[in-house]
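Analysis of the macromolecular model
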Amino acid sequence: MISTNAMSHAVNRLYRYRKSISTREFRARGAKVPRCETCRLHQDYCICSLRKLSNSNIATALLMHDDEVLKPSNTGRLIADVIDNTHAFLWQRQDIDASLDALLKDNRYQPFVVFPKAYAMPEQTVYERAVEKKNGKIPLLIFIDATWRQARKMYRKSSYLHDLPMISLDLTVHDDTGKGSRYQLRKAVIDGQLATAEVAAHVLTLFGESVNAQHLHLWFDVFTYRYQKGVKQNNKGDPLAVERYLDFIAKQQLEQNS
């Protein structure tokens, strides 16, 4: 378990870049909340000091819709909070981002796109449970971070994703909560729809990283609860989220030191 309070990672850098080129202020719900510029939560409920990186052997890449980068309710950045080897890119309508193109061609990585199998191309390999890994290559999980309507369009228009093997989750198998999504900040368009961070946590288990999956789930719960505290919503989050998360972190550190 790697400790860090400096939450400068790919998603936060992308956020700062996107904000720097904005010609007008992004007015999301809760725009008047005084927010921490790093975790994007109310300053009184900042979670920056709680962040711990995992010891994951997975790499992730977020292909983010322009709107999603600026939303304080975005959960994609929670993946970067936990998985150190995380990359983030703005989706482009016409061309693939040059840095993303270089990443997909990097021989150190074995890329997978995470998306529902109903949208797979006819010849596209789809994994639903066990994942076939190439010797010595780091799995690179690519998540389309957007609303569901935006994500479908982004996938359809991104031909460079169509040649990659796809990971598609059957949530009746992988959702062990029995309650579907624990994300209360936006309304799901379809039943069983999960936030990006929740999907990532489930996918980690396919690669044998169940401890890191639990880490991300618990961090997601901390974010959800603290976010709602800051915007004075009817808080449906777990009031013990921080306590459960810190207990988990302490247990992991104890095991690593023993």
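Placed above this text is the structure.
My aim in this report is to walk through the structure given alongside it, one point at a time.

Rules used throughout
Residues numbered from 1 in each chain as written. Predicted model: local features only at pLDDT ≥ 70, side-chain atom pairs only at ≥ 80, totals over all residues. Heavy atoms only, no water. Helix = DSSP H or I, 4+ residues; strand = E, 2+ residues; numbered from the N terminus. Buried < 20%, exposed > 50% of the residue type's maximum accessible area, 1.4 Å probe, protein only. Contact = heavy atoms within 4.5 Å. Areas by Shrake-Rupley, 256 points an atom, 1.4 Å probe, with all protein chains shown as cover. Pairing = 2+ DSSP bridges. Axes fitted to C-alpha atoms, helices over the stretch in contact; angles between N-to-C directions. Parallel < 35°, antiparallel > 145°, perpendicular 65-115°, else oblique. Left-handed = near helix turned anticlockwise from the far one by under 90°. Nonpolar A, V, L, I, M, F, W, Y, C, P; charged D, E, K, R; others polar. Expected span 1.5 Å × (residues − 1). Salt bridge = Lys/Arg side-chain N within 4 Å of Asp/Glu carboxyl O.

Examining the overall build of the chain
A count of helical and extended segments in the chain gives nine helices and eight strands. Taking all 258 residues of the chain together, the buried fraction comes to 51%. In the chain, once contacts between residues fewer than 6 apart in sequence are set aside, the share between residues at least 24 apart is 78%. As displayed, the chain has an accessible area near 13,400 Å², and 47% of this comes from carbon and sulfur atoms.

Thoughts on the pairing of strand β7 (residues 138–145)
Where a strand is regular, its side chains alternate between the two sheet faces. In terms of burial, β7 is largely enclosed, as seven of its eight residues are buried. As defined by bridge partners, strand β5 (residues 109–114) adjoins β7 across six bridges and the pair is classed as parallel. Bridging from a neighbouring strand, Pro-111 pairs with Leu-140 of β7.

As for the packing of helix α7 (residues 196–206) against helix α8 (residues 210–231)
Where α7 meets α8, the closest approach of the two axes is 7 Å, and the angle between their N-to-C directions is 165 degrees. Of the possible angle classes, the one that applies to α7 and α8 is roughly antiparallel. Both α7 and α8 take part in a crossing whose hand is left-handed. Here α7 contributes Ala-197, Glu-198, Ala-200, Ala-201, His-202, Leu-204 and Thr-205 to the contact with α8, which in turn contributes Ser-210, Asn-212, Ala-213, Leu-216, His-217 and Phe-220. The residue makeup of the contact of α7 with α8, split by class, is seven nonpolar, five polar and one charged.

A closer look at helix α9 (residues 241–257)
For an α-helix, 3.6 residues make a turn, and residues three or four places apart therefore share a direction. Taking 1.5 Å as the rise per residue, α9 with 17 residues should run 24 Å; its terminal C-alpha atoms sit 25 Å apart, in good agreement. Of the surrounding secondary structure, the elements contacted by the buried residues of α9 are β2 (52–53) and α8.

Regarding the pattern of salt bridges
Following the criterion strictly, the structure yields eight salt bridges and no others. Across the pair Arg-18 and Asp-66 runs a salt bridge, and its minimum N-O distance is 2.5 Å. Of this pair, Arg-18 sits in helix α1 (residues 10–20) while Asp-66 sits in helix α2 (residues 66–70), and the two are 48 residues apart along the sequence. Given the relative accessible area of 14%, Arg-18 is considered buried. The partner of Arg-108 in a salt bridge is Asp-106, with the nearest N and O atoms 2.6 Å apart. For Arg-108, a relative accessible area of 52% gives the class exposed. In the salt-bridge network here, residues are joined through shared partners; they are Lys-19, Glu-37 and Arg-40.

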